[in-house]
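So you can see what is in the structure, the chains are spelled out below.
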Amino acid sequence: VQLQAFGGGLVQAGGSLRLSCAASRSIFGVNSNTMAWYRQASGKQREFVASLTGGGSTNYADSVKGRFTISRDNAKSTVYLQMNSLKPDDAAVYYCYARFSTTTYWGQGTLVTVSS
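Anyway, here's the lowdown on the structure attached to this text. These numbers come from a predicted model, not from an experiment. (Residues numbered from 1 in each chain as written. Predicted model: local features only at pLDDT ≥ 70, side-chain atom pairs only at ≥ 80, totals over all residues. Heavy atoms only, no water.)

### Observations concerning the pairing of strand S8 (residues 78–83)
Regular strands have side chains that alternate between both faces of the sheet.
Right, on to step 1. Of all the six residues making up S8, five are buried; the element is thus mostly covered by neighbouring parts of the structure.
Right, on to step 2. Where strand S3 (residues 17–23) and S8 come together, six bridges link them in antiparallel fashion. Bridging across to S8, Arg18 finds its partner in Gln82.
Right, on to step 3. Strand direction decides the pairing type here: strand S7 (residues 68–73) and S8, joined by six bridges, are antiparallel. Paired with Asp73 across the strands is Thr78, a residue of S8.
Right, on to step 4. Counting the residues between successive antiparallel strands, the hairpin from S7 to S8 contains four residues, one of them, Ser77, with a positive phi of roughly 50 degrees. (Buried < 20%, exposed > 50% of the residue type's maximum accessible area, 1.4 Å probe, protein only. Helix = DSSP H or I, 4+ residues; strand = E, 2+ residues; numbered from the N terminus. Pairing = 2+ DSSP bridges.)

Next comes the structure, spelled out in structure tokens:
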């Protein structure tokens, strides 16, 4: 499975960005499959941001609840991360993640920079 993440960039604090992750295989329809976003800020460990199961359940880190939304386009096997009200603390490399049954995959990162 290949994952292609894109959409990062430079945004001012309070602004918005939408990240996309296109998978070469669809997770949808199988609840045990999951796609997610993680992020890693400079000098910090990689942390969970949001996830979406094949059955449609979502989960968010407390730090992004109410500001970020994960969604999908079934036809494109793509998952999106809409990021609103961005803060300088949201600046990081964002990674796309997928789990199909017990096998996990990581995409390349996409850099999000938030200027204050």
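### Describing the sheet that holds strand S2 (residues 9–12)
Right, on to step 1. With respect to topology, six strands assemble into an open sheet ordered S2-S10-S9-S4-S5-S6, the strand pairing being mixed. The sheet terminates laterally at S2 and strand S6 (58–60), the two strands that pair on one side only. Within the sheet, the average angular offset between the axes of one strand and its neighbour, ignoring direction, is 25 degrees.
Right, on to step 2. Inspection of the sheet shows strand S9 (residues 92–100) paired to strand S10 (residues 103–115) by eight bridges, in the antiparallel sense. Paired with Arg99 across the two strands is Thr104, which belongs to S10. (Axes fitted to C-alpha atoms, helices over the stretch in contact; angles between N-to-C directions.)

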